[in-house]
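Examining the three-dimensional arrangement
The primary structure of each chain is shown beneath.
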Amino acid sequence: MDRVYLSPPDVGEADRDALNRAFDSGWIAPLGPEVDAFEVELAEKIGRSNAVALSSGTAALHLGLLLEGVGAGDKVLVSSLTFSATANAISYVGAEPVFIDSDAETWNMDPSLLNEALKSGSYAACMPVDIYGQCADYSQIEAACREHGVALIEDAAEALGATLHGRPAGSFGDVAALSFNGNKIITTSGGGALLTDDEDAAAEARFLATQARDPAPHYQHSRIGYNYRLSNLLAALGRSQLSDLDRRVEVRRRINATYRDGLGDLDGIEFMPEAEGSHSTFWLTVLTVDPSVTGVHREELRTVLEEQNIEARPAWKPMHLQPVFAECESFGGETSSRLFDQGLCLPSGSNLSASDQQRVIDVIRATLGN
Ligand SMILES: Cc1ncc(COP(=O)(O)O)c(C=O)c1O
């Protein structure tokens, strides 16, 4: 049986044509008309005045921290339930991550724990993550950060296409980061973007991303720079992918609804909730398996799926449980620990066929004895 992947790239003829167009133009470089156009189209889609196309979402997070002046000795509040890239970027600038647990109702940063942390210490920035395609609770988070004078950096790597009360993911905070790696809702194979409404910050991001080259005819550098720009070829791919974003959101939401229809009646199974006012992309459909009810641990279920050539993955192991961040401070931790212990991400790609999804549902039902 063919392998069913978690979230493979969804690419087609239009993408091939876009790549060929860029290739034939001769702009085989980390700049060019496709990069410029991708930035304009991305900013417009998200309602930001600036987008800076970069080589990865991690690069966007790193530059975002630099733009907000975060550096050695600073502390940064960050969601514990995330991919390591979010916390790694904090370490790149010499700052220290302080982890905030998830709210059980949204799986995103718990605003009450954030407030507790903000009252108890001094922080340079706050980095909430829009987990699995759903925006964090920015009505509370933005207000808390403003009150305490803390910079807000939105990690929207997993949530392009989502909205909260009609506002798009990537439009929150001083700066936001997107990822276009191979498993994201749109992909450039590898890539990312930094979003901001601050013209000067966008110019600074472009400067830092191209080796911080001073305006001189020779090569002169007064600051440390990075090689973080997205190539013109990949920007062409990004443009064709972006033009298909709305359809992809609809497809992933339909996949989520089909899983709910097919599995929602099983005792001990819960799906990641969609918060009020939130329009999630369901980039990944994630469910929890309570072993005290089902008699089956999520790892057992994952293994059975793997035996059937179906790729499912445990929910993120939270950062407060990672050996590399063992010494870091954290607020709460039980919710994200439970989500890791019980959470399983199911195949959710926008090119998942109905028959493959039915295969996944059938294996899960059979394993849980239904
Ligand atoms: C929450 C989160 N932040 C950051 C990243 C990093 O993005 P990239 O892989 O493009 O560097 C990812 C995904 O890879 C992610 O899931």
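Residues numbered from 1 in each chain as written. Predicted model: local features only at pLDDT ≥ 70, side-chain atom pairs only at ≥ 80, totals over all residues. Heavy atoms only, no water.

Observations concerning the packing of helix α5 (residues 111–120) against helix α6 (residues 138–148)
- In contact at an axis separation of 10 Å, α5 and α6 are set at 5° when each is read in the N-to-C sense. With respect to their mutual orientation, α5 and α6 come out roughly parallel. Judged by residue contacts, Pro 111, Leu 114, Asn 115, Leu 118 and Lys 119 of α5 engage Gln 140, Ile 141, Ala 144, Cys 145 and His 148 from α6.
- Residue classes in the contact of α5 with α6 are distributed as six nonpolar, three polar and one charged. (Axes fitted to C-alpha atoms, helices over the stretch in contact; angles between N-to-C directions. Helix = DSSP H or I, 4+ residues; strand = E, 2+ residues; numbered from the N terminus. Parallel < 35°, antiparallel > 145°, perpendicular 65-115°, else oblique. Contact = heavy atoms within 4.5 Å. Nonpolar A, V, L, I, M, F, W, Y, C, P; charged D, E, K, R; others polar.)

Section: the pattern of salt bridges
- Scanning the entire structure with this criterion turns up 21 salt bridges.
- A salt bridge links Arg 239 to Glu 41; the nearest nitrogen and oxygen atoms lie 2.8 Å apart. One end of the pair, Arg 239, is in helix α8 (residues 232–242); the other, Glu 41, is in helix α2 (residues 33–46), with 198 residues separating them in the sequence.
- Through salt bridges that share partners, Asp 10, Asp 244, Arg 247 and Arg 248 make up one connected network. (Salt bridge = Lys/Arg side-chain N within 4 Å of Asp/Glu carboxyl O.)

Comments concerning the side chain of Arg 48
- Tracing the backbone through its elements, the reader meets Arg 48 in the loop between α2 and β1 (50–54).
- A distance of 3.0 Å separates a polar side-chain atom of Arg 48 from the backbone oxygen of Gly 173.
- Within the structure, Arg 48 has its side chain in polar contact with the side chain of Asp 197 (distance 3.2 Å).
- Apart from residues lying up to four places away in sequence, Arg 48 is in contact with Ala 43, Gly 170, Ser 171, Phe 172, Gly 173, Asp 174, Val 175, Ala 176, Leu 195, Thr 196 and Asp 197. (Polar contact = N/O pair within 3.5 Å; in protein donor to acceptor, adjacent residues only side chain to side chain.)

Examining the environment of Asn 232
- Structurally, Asn 232 can be placed in helix α8.
- On the accessibility criterion, Asn 232 (0% relative accessible area) is buried.
- A sequence separation of 24 residues divides Asn 232 from Leu 208, and the C-alpha atoms of the two residues are 18 Å apart.
- Residues in contact with Asn 232, not counting those within four places in the same chain, are Ala 22, Ser 25, Trp 27, Ala 29, Pro 30, Leu 31, Gly 32, Pro 33, Glu 34 and Val 35.
- A polar contact of 3.1 Å, which involves the side chain of Asn 232, links it to the backbone oxygen of Trp 27. (Buried < 20%, exposed > 50% of the residue type's maximum accessible area, 1.4 Å probe, protein only.)

Some thoughts on the site of the ligand
- The environment of the ligand is made up of 17 residues, and the closest members are Gly 57, Thr 58, Asp 155, Glu 158 and Ser 179.
- Thr 58 places a side-chain nitrogen or oxygen 2.5 Å from an oxygen atom of the ligand.
- A distance of 3.0 Å is found between an oxygen atom of the ligand and a side-chain nitrogen or oxygen belonging to Asn 181.
- Against a free-state accessible area of 390 Å², the protein chains account for coverage of 93% of the ligand.
- Elements with a contribution of two residues or more to the shell around the ligand: α3 (57–67) and α4 (84–92).
- A per-element tally of the shell around the ligand places α3 first, with three residues.
- Classifying every residue of the shell around the ligand by side-chain character gives six nonpolar, eight polar and three charged. (Near = heavy atom within 4 Å. Areas by Shrake-Rupley, 256 points an atom, 1.4 Å probe, with all protein chains shown as cover.)

Let's talk about the environment of Ser 7
- With respect to the secondary-structure elements, Ser 7 resides in the segment before α1 (13–25).
- Exposure remark for Ser 7: the relative accessible area of 6% places this residue in the buried category.
- With 341 residues separating them in the primary sequence, Ser 7 and Ser 348 have C-alpha atoms 5.6 Å apart.
- Engagement of the side chain of Ser 7 in a polar contact is seen with the backbone oxygen of Asn 183, the distance being 2.7 Å.

Some words on the sheet that holds strand β11 (residues 278–279)
- Pairing within the open sheet is antiparallel, and its three strands lie in the order β7-β6-β11. Among the strands making up the open sheet, the edge pair consists of β7 (167–168) and β11.
- Pairing of strand β6 (residues 163–164) with β11 involves two bridges; the strand directions are antiparallel. Each bridged residue has a counterpart across the sheet, and for Leu 164 the counterpart in β11 is Ser 278. (Pairing = 2+ DSSP bridges.)

Let's talk about the sheet that holds strand β15 (residues 343–346)
- Ordered in space as β10-β12-β15-β13, the four strands form an open sheet in which the pairing is antiparallel. Looking at the sheet topology across the chains shown, the edges are occupied by β10 (269–271) and β13 (313–314).
- Here two bridges tie β13 to β15, and the two strands are oriented antiparallel to one another. Within β15, the position partnered with Arg 313 by the bridge is Cys 345.

Side note on the packing of aromatic side chains
- A complete count under the given rule lists eight aromatic pairs for this structure.
- For the ring pair Tyr 132 and Trp 316, a centre distance of 6.5 Å and an interplane angle of 5° mean the geometry is stacked. In this pair, Tyr 132 is assigned in the loop between β4 (125–127) and α6 and Trp 316 in the loop between β13 and β14 (330–331), connecting sequence segments 184 residues apart.
- Its relative accessible area of 1% is what places Tyr 132 among the buried residues.
- Accessibility expressed as a relative area gives 22% for Trp 316, which makes it partly exposed. (Phe/Tyr/Trp six-rings, centres within 6.5 Å; stacked < 30°, edge-to-face > 60°.)

What to know about the domain arrangement of the protein chain
- As far as domains go, the protein chain holds domain 1 (13–242) and domain 2 (245–367).
- When each unit is reduced to the centre of its C-alpha atoms, the spacing between domain 1 and domain 2 is 25 Å.
- With 45 residues of domain 1 at the interface, the matching set in domain 2 holds 39 residues.
- Between domain 1 and domain 2, roughly 3700 Å² of surface is buried when both sides are summed, and carbon and sulfur atoms account for 61% of that area.
- Connecting domain 1 to domain 2 are two salt bridges.
- Asp 246 is the partner of Lys 45 in a salt bridge, and the nearest nitrogen-oxygen pair spans 2.8 Å.
- Applying the counting criterion to the domain 1 and domain 2 interface returns 26 residue pairs in polar contact (both at pLDDT 80 or more). (Domains from an automatic or database assignment. Buried area = accessible area lost by both parts, 1.4 Å probe.)

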